[in-house]
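Working through the structure, step by step
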Amino acid sequence: MDIQQIFRNNQEWVQEKLKMDEKYFENLSEGQNPDILYIGCSDSRVTAEELMGMKPGEVFVHRNIANMVPNTDLSAMSVIDYAVVHLKVNHIVICGHYYCGGVKAAMQSEDLGILNPWLRNIRDVYRLHKDELNSIKEEEDRYKRLVELNVQEQCLNVIKTAEVQRGYRDRHITVHGWVWDMHTGKLIDLEIDFEKLLENVMEIYHLK
Ligand code: CO
């Protein structure tokens, strides 16, 4: 990889943007007002803005291995707080993807050092949904389902935060669980029934 090529690409990109709008960067530097917080996987094949057709300034992005929202992760928690309290986003998206290496690794028993505590969050998702997952015969299908259930559990982790609960009461923030199918390029809305899920968990996680 020729790192200098990146700077040449950047020069071209700057010229392209200025050709379309000579105030493009001036406007960008005035501030951001995104309406969406996107939490996705760090996987190099999974882009955030590109697959959604969104432009710079429109999406606040957080990415980590397997799109996780652990409640002790200062980075994820700060991103959510900043997006909800200061940027006042109305939508929070958790976007997982099939063929996720993080989810795959969590399905195996290998000791992966510092990755163990991170992957354990996904193993916890497996444990919560063990009966459903173990009833799926094909490993490929089980893998896909764990990707989906992981998205669902991370959506719940988002909802467990006080900021989001307050935001929901004040202005009805919507949380979305999506999966990107790398094999077709299509974005899939898991249409998670949050009202139903929340009935089960809010008794425990409700914060005033
Ligand atoms: Co991934």
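Preceding this paragraph is the structure being described.
Note on numbering: residues in each chain are counted from 1, in written sequence order. Restriction of local features to residues with pLDDT of at least 70 applies here, the model being predicted, together with a cutoff of 80 or more for giving and counting side-chain atom pairs; totals for whole chains, interfaces and linings are based on all residues. Heavy atoms throughout the structure, all of them, feed into the side-chain values; hydrogens and water do not.

**Some thoughts on the overall build of the chain**
- Strands here are runs of E lasting at least two residues and helices are runs of H or I lasting at least four, both read from the DSSP assignment and numbered beginning at the N terminus. Of the regular secondary structure elements, the chain holds 10 helices and five strands.
- If you line up the chain on its principal axes, its C-alpha atoms span 55 × 45 × 30 Å.
- The buried label goes to any residue with under 20% of its type's maximum accessible area, the exposed label to any with over 50%, and the partly exposed label to all in between, with areas taken from a 1.4 Å probe on protein chains only. Taking all 208 residues of the chain together, 41% fall into the buried category.
- Partitioning the intrachain contacts of the chain with sequence separation of at least 6 by distance along the chain shows that 65% fall at a separation of at least 24. The contact criterion used throughout is that any non-hydrogen atoms of two residues lie within 4.5 Å.

**So, unusual backbone geometry**
- Backbone geometry places Asn67, a non-glycine residue, at a positive phi of 40°.
- Among the structural elements, Asn67 can be located in the loop between strand S2 (59-64) and helix H4 (74-86).
- On the basis of relative accessibility, which here comes to 2%, the residue Asn67 falls in the buried class.
- Unlike most non-glycine residues, Tyr99 shows phi in positive territory, near 65°.

**Re the side chain of Arg142**
- Mapped onto the elements of the fold, Arg142 is located in helix H8 (residues 139-159).
- Counting rule applied: Lys, Arg positive; Asp, Glu negative; His and chain ends not counted. Each reported salt bridge corresponds to a side-chain nitrogen of Lys or Arg within 4 Å of a carboxyl oxygen of Asp or Glu. Buried and unpaired, Arg142 has Glu139 as its nearest opposite-charge partner, separated by 4.8 Å.
- Of note is the side chain of Arg142, whose polar atom sits 2.9 Å from the backbone oxygen of Ile136.
- Residues in contact with Arg142, not counting those within four places in the same chain, are Met107, Tyr126, Leu133, Asn134, Ile136 and Lys137. Polar contact criterion, stated in full: a pair of N or O atoms within 3.5 Å, where within protein one must be able to donate a hydrogen and the other to accept it, and residues adjacent in sequence count only if both atoms are side-chain atoms.

**So, the pattern of salt bridges**
- Per the counting criterion, the structure on display carries seven salt bridges.
- One salt bridge connects Lys104 with Glu139, and the closest N-O pair in it is separated by 3.8 Å. On the criterion of sequence distance, the pair formed by Lys104 in helix H5 (residues 101-106) and Glu139 in helix H8 is long-range, its members being 35 residues apart.
- The class of Glu139 is partly exposed, set by a relative accessible area of 42%.

**Observations regarding the coordination of the cobalt ion**
- Keep in mind that water is not among the atoms, so a site may look incomplete; donors are the N, O and S atoms within 2.8 Å of the metal, or 3.2 Å for Na, K and Ca. Distances from the cobalt ion to its protein donors, namely Cys41 (SG), His97 (NE2) and Cys100 (SG), fall within the range 2.0 to 2.3 Å.
- Donor residues binding the cobalt ion come from one chain and are separated in sequence as C-x55-H-x2-C. Placement of the pair is Cys41 in strand S1 (residues 36-41) and Cys100 in the loop between strand S3 (91-97) and H5, with a sequence separation of 59 residues.
- When its relative accessible area of 1% is taken as the criterion, Cys100 is described as buried.

**Comments concerning the pairing of strand S5 (residues 186-189)**
- Two strands are counted as paired when DSSP detects at least two bridges linking them. Across four bridges, strand S4 (residues 174-181) lies against S5 in antiparallel orientation. Bridge pairing in S5 places Asp181 opposite Lys186.
- Taken together, S4 and the strand that follows it, S5, pair antiparallel across an intervening segment of four residues, in which Gly185 is found at a positive phi of about 85°.

**Re helix H9 (residues 162-171)**
- Turning to H9, its buried residues number three or more, namely Glu163, Val164, Gln165 and Gly167.
- If you follow the buried residues of H9, they end up packed against H4, S3, H8, S4 and helix H10 (194-205).

**Describing a nonpolar patch on the surface**
- A surface patch of nonpolar side chains, about 490 Å² in accessible area, is lined by Met1, Ile3, Ile6 and Phe7.
- Here Ile3 is to be found in helix H1 (residues 3-20). Residues with no salt bridge and a relative accessible area higher than 30% make up the patches, which join like charges within 9 Å and nonpolar side chains (Val, Leu, Ile, Met, Phe, Trp, Tyr) within 5 Å. The method behind every accessible area is Shrake-Rupley, applied with a 1.4 Å probe, and residues are considered shielded solely by the protein chains displayed.

**Some remarks on the nonpolar core**
- Remark: nonpolar core denotes a set of buried residues (Ala, Val, Leu, Ile, Met, Phe, Trp, Tyr, Cys) joined through side-chain atoms within 4.5 Å. Of all hydrophobic cores here, the largest spans 44 residues; its most connected members are Leu37, Ile80, Ile92 and Val158.
- Contributions of two or more residues to this core are made by S1, H4, S3, H5, helix H6 (115-128), H8, S4 and H10.
- In terms of residue count, the dominant contributor to this core is H8 (nine residues).
- Each residue touching Val158, except ones within four places of it in the same chain, is listed here: Ile39, Val69, Ile80, Ile92, Ile94, Val164 and Val175.
- Of all hydrophobic cores here, the second largest spans 11 residues; its members include Tyr38, Ala48, Val93 and Met182.

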